[in-house]
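A look at the structure
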Amino acid sequence: MAEKVKASKSRLYKLNGKTLKRQRPQCPRCGPGVFMADHKNRWSCGKCGYTDFKK
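Every value quoted in this text rests on a predicted model; they were computed, and no experiment measured them.

A word on the overall build of the chain. Along the chain, the regular secondary structure elements total 1 helix and 5 strands. If you list the helices and strands of the chain from N to C, you get α-β-β-β-β-β. Projected onto its principal axes, the C-alpha coordinates of the chain cover approximately 40 × 25 × 20 Å. Residues classed as buried in the chain amount to 15% of the 55 residues present. Counting only contacts in the chain whose residues sit at least 6 apart along the sequence, the fraction spanning at least 24 positions is 0%. Working note: accessible area of the chain is about 5,000 Å², and carbon and sulfur atoms make up 51% of it.

A few words on the environment of C30. Looking at where C30 falls in the secondary structure, it is placed in the loop between β2 (19-22) and β3 (37-38). Between the C-alpha atom of C30 and that of R42, which follows or precedes it by 12 residues, the distance is 17 Å. With residues up to four places along the chain from it excluded, the contact list for C30 reads C45, K47 and C48.

So, about the sheet that holds strand β5 (residues 51-53). Overall, antiparallel pairing links the 3 strands, which are arranged β3-β4-β5 in an open sheet. The sheet is open, and its two borders are formed by β3 and β5, each paired with just one other strand. The pairing of strand β4 (residues 42-44) with β5 spans 3 bridges and is antiparallel. From the neighbouring strand, S44 faces β5, where its bridge partner is T51.

About the criteria used
- Residues numbered from 1 in each chain as written.
- Predicted model: local features only at pLDDT ≥ 70, side-chain atom pairs only at ≥ 80, totals over all residues.
- Heavy atoms only, no water.
- Helix = DSSP H or I, 4+ residues; strand = E, 2+ residues; numbered from the N terminus.
- Buried < 20%, exposed > 50% of the residue type's maximum accessible area, 1.4 Å probe, protein only.
- Contact = heavy atoms within 4.5 Å.
- Areas by Shrake-Rupley, 256 points an atom, 1.4 Å probe, with all protein chains shown as cover.
- Pairing = 2+ DSSP bridges.

Okay, here's the thing in structure tokens:
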């Protein structure tokens, strides 16, 4: 079984001058604060299971 690795906060945000930019999209079902996992061909939410395929 694969080992779970927690995402660090430094990977989720990027600092541009005085503004903070989110690197990953947020889940439309769960709302703000729940980031979606980045897979090869899709974005997926680990909390509710919502999946959005990349184009």
